[in-house]
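Structure at a glance
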Amino acid sequence: MTQPDPHGHLCDTPPEHRAAPVYFACLINDAERLMQYAAEIGLDVSNETRHAILSARAIYPAEWTEDAAANLLAAVTTLANRLKPVTAESLKAYHDDTRPTVRSYLRIAIVLACIIIPVSVASFVTSALSVAVNADITKANALAVKLRAQLGPPQGPGEALAPLPKGISEADLISDLQDYASTVRILNARARKLNYFIIPFHRIPSEDTGTPEQRKQRFELPIGIPDPIAARDNITNTYQDVRYFAQSILTDIAVFYGAITSCILPVLYALLGTCAYLLRSFEDQMGSRTFTPSAANSARFLIAAIGGAIIGLFNNFTVSPDASIPPLALAFLVGYAVDVFFAFLEGLLKAFTRNASASNPPPKVGPA
C-alpha cells in the first residue's frame, strides 16, 4: 500500500519572496525526500549534509543567501551519489504515481484479455471442428465408394430386389451402412456447430428444416434395412447436401479465422507481452524505489504492435533443431522483449547487405 507523500506541496513562492529562486523550493523538497529515505534504510548521513538541508528549509525564502544555496546543492549532490539508483524523482513517483500507473496497466490488460480470450477460444474450437469435419468427409467419401462397389448402381423403379453379390457378408454390409449413416449425421452436427462461428450464417440444408419424422427418414436407415441399395442411395442424397453445406462453411472459416490468427492475434499478443513486461518492471522498480514515469512506455506499446504485425513473415522461426515457436507465442515474446526482436531484424539486414555486397563486388580499376 502506498503512503502519502509528506512533501506534496511544492515550488510555489509567495509574491513577496520572489527574490529567492523558485526552483530551490523544489530542490529543498527533493533533498528532504532523499534524507528521509536515507533515514528509513539506515544510511548514515553526515551532520554537514543534514544541517545544510535543514537550514535551507528554515531560512527559505525570507533569509535566502548564496551560501545556503551552495551548501544545499552540495548536500543534494552527496545524497544523490550515495543513494543511486534511487532518485528524488523516483521517490516522488513512489508516493504519487503508483496507483495511476497500476490502473492504466490493468485497464490495458483487461481490454486485451477481453478480446484475446474469446477470439483465441473461437479459433481453437473452429480449428478442431474443421479438422474433424475434414476427417468425416474423407471417411464418408471412402464409405460411399465402398458401398457403390459392393452394391452396384442404383435400381430403377419397379426392379426386383437384387441379391447380395457373392463374397459380401450381410453383417459387414449392414455395419458399413450404419457407419455411413452415422458419419453423415456426425458431419451434419459438426457443420451446424461451425455455422455459429461465422457471420453471416449459412443456410441450413433442407434435410434439417423438416419435421422430426422427415429428418429421421433422411438421416436414419430403415428398420431391418429391407433394401440396402435404396438405403444407401437415400443416405448418399442426404450426404451430398450435408457435404456441400460443410465445405462452404470450411472455406469461410479458413479465410476469416486465418486472417484473424495471422494478422490480428499476433498484434494483440505482442501488446499483452509488453503489458506483462511493464508490470514486471514496475514491480521490480517499486521494490527498489527506482520507478519513474516515462513516455517511452507508450512508445513501447507502438513498437510491440509493429513487431506483432510482421510476425506472420517469420512463421517458421526455429529455436533449435527439435523445437519451434508458434507465431502467437513468438508475438508474445516480441512484445515482452522488443529489443531482442529488433536486434534480430538488424542482424537479418546486415546479413542481407553483406550477401548483396559479396554478389556484386566493386569493379577493379587497372593502372593508368
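Residues numbered from 1 in each chain as written. Predicted model: local features only at pLDDT ≥ 70, side-chain atom pairs only at ≥ 80, totals over all residues. Heavy atoms only, no water.

Let's talk about the overall build of the protein
Each helix and strand in the protein was counted, giving 11 helices and two strands. Along the protein, helices and strands appear, N-terminal first, in the series α-α-α-α-α-α-α-α-α-β-β-α-α. Looking at the 368 residues of the protein, the share that counts as buried comes to 35%. Expressed as a percentage of contacts within the protein between residues at least 6 apart in sequence, the contacts between residues at least 24 apart total 78%. Accessible surface, the protein as shown: approximately 21900 Å² in total, 61% of it carbon and sulfur. (Helix = DSSP H or I, 4+ residues; strand = E, 2+ residues; numbered from the N terminus. Buried < 20%, exposed > 50% of the residue type's maximum accessible area, 1.4 Å probe, protein only. Contact = heavy atoms within 4.5 Å. Areas by Shrake-Rupley, 256 points an atom, 1.4 Å probe, with all protein chains shown as cover.)

Considerations on the pattern of salt bridges
The full count for this structure, using the stated rule, is 10 salt bridges. One salt bridge in this structure joins Arg289 and Glu40, with 2.9 Å as the shortest N-O distance. Within this pair, whereas Arg289 is found in the loop between α8 (228–288) and α9 (296–309), its partner Glu40 is found in helix α1 (residues 23–40), the two being separated by 249 residues in sequence. Judged by relative accessible area, Arg289 falls into the buried class, the value being 19%. In this structure, Arg192 engages Asp208 in a salt bridge whose closest nitrogen and oxygen atoms are separated by 3.8 Å. Linking Arg192 in helix α6 (residues 170–195) with Asp208 in the loop between α6 and α7 (212–219), this pair joins segments that are 16 residues apart in sequence. With a relative accessible area of 10%, Asp208 lands in the buried category. When salt bridges with common partners are traced through the structure, they connect Arg192, Asp208 and Arg215 into a single cluster. (Salt bridge = Lys/Arg side-chain N within 4 Å of Asp/Glu carboxyl O.)

Thoughts on the confidence of the model for the protein
Within the protein, residue pLDDT values average 81, and 83% of them lie at 70 or more. When mean pLDDT is compared element by element in the protein, α6 scores highest at 92, while strand β1 (residues 318–320) scores lowest at 48. (pLDDT = per-residue confidence, 0-100.)

Here we look at the environment of Ala25
Along the chain, Ala25 falls in helix α1. The exposure class assigned to Ala25 is buried, which follows from its relative accessible area of 11%. Considering only alpha carbons, one finds Ala25 and Pro61, 36 residues apart in sequence, at a separation of 8.3 Å.

Overview of the packing of α1 against helix α4 (residues 88–96)
For the pair α1 and α4, interaxial distance at closest approach is 9 Å and the crossing angle is 80°. Our classification of the angle between α1 and α4 gives roughly perpendicular. Taking contact as the criterion, the partners of Asp30, Arg33, Leu34 and Tyr37 in α1 are, on α4, Ala88, Leu91 and Lys92. (Axes fitted to C-alpha atoms, helices over the stretch in contact; angles between N-to-C directions. Parallel < 35°, antiparallel > 145°, perpendicular 65-115°, else oblique.)

Notes on the packing of α7 against α8
Closest axis-to-axis distance for the α7/α8 pair is 7 Å, and the angle between their directions is 105°. What the angle tells us is that α7 and α8 run roughly perpendicular. Packed against α7, whose contacting residues are Gln217, Arg218 and Phe219, the element α8 presents Asn234, Ile235, Asn237, Thr238, Asp241 and Val242 at the interface.

Considerations on helix α2 (residues 47–59)
Across its 13 residues, α2 extends 18 Å between first and last C-alpha, which sits within 8% of the 18 Å expected from 1.5 Å per residue. All buried positions along α2 are accounted for by Thr49, Ala52, Ile53 and Ala56. Seen along its axis, α2 keeps its buried residues to an arc of 90°; they face one direction. Facing away from the buried side of α2 by more than 90 degrees, the exposed set consists of Asn47, His51 and Ala58. (Expected span 1.5 Å × (residues − 1). Arc of directions from axis to C-beta.)

Observations regarding the side chain of Thr274
Tracing the sequence through the fold places Thr274 in helix α8. In this structure, Thr274 is in contact with Arg300, Phe301, Ala304, Gly335 and Tyr336, ignoring residues within four places of it in sequence.

Thoughts on the side chain of Thr101
Within the fold, Thr101 resides in helix α5 (residues 98–151). When neighbours within four sequence positions are excluded, Thr101 is seen to be in contact with Phe282 and Phe291.

Describing the packing of aromatic side chains
Scanning the entire structure with this criterion turns up seven aromatic pairs. Note on Tyr105 and Phe282: the rings are 6.4 Å apart at their centroids and 85° apart in plane angle, and the pair reads as edge-to-face. Here Tyr105, found in helix α5, pairs with Phe282, found in helix α8; they are 177 residues apart in sequence, far enough to count as distant. Under the relative-accessibility criterion, Tyr105 is labelled buried at 6%. A residue is classified by how much of its surface remains accessible, and Phe282, at 8% relative accessible area, is buried. On the basis of an interplanar angle of 90° and a centroid distance of 5.0 Å, the ring pair of Phe256 and Tyr257 is categorised as edge-to-face. Looking at Tyr257, the relative accessible area reads 10%, which means it is buried. An aromatic cluster is built from Phe24, Tyr60 and Trp64, whose rings are joined through pairwise contacts. The side chain of Arg300 reaches across the aromatic face of Tyr277, ending 3.8 Å from its centre. (Phe/Tyr/Trp six-rings, centres within 6.5 Å; stacked < 30°, edge-to-face > 60°. Lys NZ or Arg CZ within 6 Å of the ring centre and 35° of its normal.)

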